[in-house]
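Here is what each chain is made of, one letter per residue.
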Amino acid sequence: MNLDKLLSLPQEHTLSSKDCQLLNQDLASKNIDGIPVESRPLIEEYLVNALNMGSVEPKFKEALESLLKNLQNV
């Protein structure tokens, strides 16, 4: 799962744990400019949930927290 695949899913969908870990890895390599403006609220919501649930691998946590902070400050 990567950002492009996530954005192509129907509005109501489910993600497996494996999908989430792959998505986290992909998002950790992105900066705010790599996320379409219209998709930023969705990614912000996803990151808030993933980080609050503690489901992010430690090696991606700092990058995802930074991305979230940037999304919240736009």
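This text follows the structure it describes.
What comes next concerns the included structure. Within every chain, residues take consecutive numbers counted from 1 along the sequence as written. Only residues with pLDDT of 70 or above have their local features reported here, since the model is predicted, and side-chain atom pairs are shown and tallied only from 80 upward, although totals for entire chains, interfaces and linings are computed over all residues. To get the side-chain values, all heavy atoms of the structure are used, and hydrogens and water are removed first.

So, the overall build of the protein
The secondary structure content of the protein amounts to four helices and zero strands. Every helix listed is a DSSP run of H or I at least four residues long, and every strand listed is a run of E at least two residues long, numbered separately from the N terminus. For the protein, the N- to C-terminal ordering of α and β elements is α-α-α-α. For the radius of gyration, the atom set is restricted to C-alpha positions; the globular benchmark scales as 2.2 Å times the number of residues to the power 0.38. For a compact globule of 74 residues, the expected C-alpha radius of gyration is about 11 Å, and the protein comes in at 11 Å, within 12% of that figure. Its C-alpha atoms put the protein at 25 × 25 × 20 Å along the principal axes. For every residue, the accessible area (1.4 Å probe, protein chains only) is compared with the maximum for its type, and the residue is labelled buried under 20%, exposed over 50%, or partly exposed between those bounds. Counting all 74 residues of the protein, 32% fall into the buried class. Contacts are residue-level and defined by heavy atoms, with any inter-residue pair within 4.5 Å sufficient. Partitioning the intrachain contacts of the protein with sequence separation of at least 6 by distance along the chain shows that 57% fall at a separation of at least 24. To be clear on the numbers: accessible area is Shrake-Rupley with a 1.4 Å probe, and residue cover counts the displayed protein chains and nothing else. Accessible area for the protein stands at about 5000 Å²; split by element, carbon and sulfur atoms hold 47% of it. Neither His nor the chain termini are counted; the positive set is Lys and Arg, and the negative set is Asp and Glu. The atom standing in for a charge is NZ when the residue is Lys, CZ when it is Arg, CG when it is Asp and CD when it is Glu. Considering the protein, the positive charge centre built from 7 side chains and the negative charge centre built from 11 side chains are found 6 Å apart.

A word on the nonpolar core
As a rule of thumb, nonpolar side chains are buried together in soluble globular proteins. Leu27, Ile43, Tyr46, Leu47 and Leu64 are the most contacted members of the largest nonpolar core, which totals 19 residues. Mapped onto this core, the elements with two or more residues apiece are helix H1 (3-8), helix H2 (17-28), helix H3 (40-52) and helix H4 (58-72). Setting aside residues no more than four positions away along its own chain, Tyr46 makes contact with Leu15, Cys20, Leu23, Asn24 and Leu27. Only buried residues count toward a nonpolar core. Its members are Ala, Val, Leu, Ile, Met, Phe, Trp, Tyr and Cys residues joined through side-chain atoms within 4.5 Å.

Describing the packing of H3 against H4
Helix-helix packing is described using two parameters, namely the angle between the two axes and the distance between the axes. For every element, the axis is a line fit to its C-alpha atoms; helices are fit only across the contacting stretch, and the angle between N-to-C directions ranges from 0 to 180 degrees. Direction vectors running N to C along H3 and H4 enclose 135°, while the axes themselves pass 10 Å from each other. The angle between H3 and H4 falls in the class oblique. Relative to H4, H3 is oriented so that their crossing is left-handed. Along the contact surface, H3 presents Arg40, Ile43, Glu44, Leu47, Val48 and Leu51, while H4 presents Lys61, Leu64, Glu65, Leu67, Leu68, Leu71 and Gln72. Three classes are used: nonpolar for Ala, Val, Leu, Ile, Met, Phe, Trp, Tyr, Cys and Pro, charged for Asp, Glu, Lys and Arg, and polar for all others, with Gly counted as polar. Tallied by class, residues from the contact of H3 with H4 come to eight nonpolar, one polar and four charged. Put simply, angles under 35 degrees are roughly parallel, angles over 145 are roughly antiparallel, angles from 65 to 115 are roughly perpendicular, and the rest are oblique. Each crossing is labelled by how the near helix is turned from the far one, with a counterclockwise turn of less than a right angle marking it left-handed and a clockwise turn marking it right-handed.

Examining the pattern of salt bridges
For salt bridges, the criterion is a side-chain nitrogen of Lys or Arg within 4 Å of an Asp or Glu carboxyl oxygen. Inspection of the entire model under this criterion finds three salt bridges. For the salt bridge of Glu57 with Lys59, the shortest nitrogen-to-oxygen distance reads 3.8 Å. A relative accessible area of 63% means that Lys59 is categorised as exposed. Here Glu65 and Lys61 are joined by a salt bridge, their closest N and O atoms 4.0 Å apart. Of this pair, Glu65 and Lys61 both sit in helix H4, separated by four residues, roughly a single helical turn.

This is a description of form; function is not addressed.
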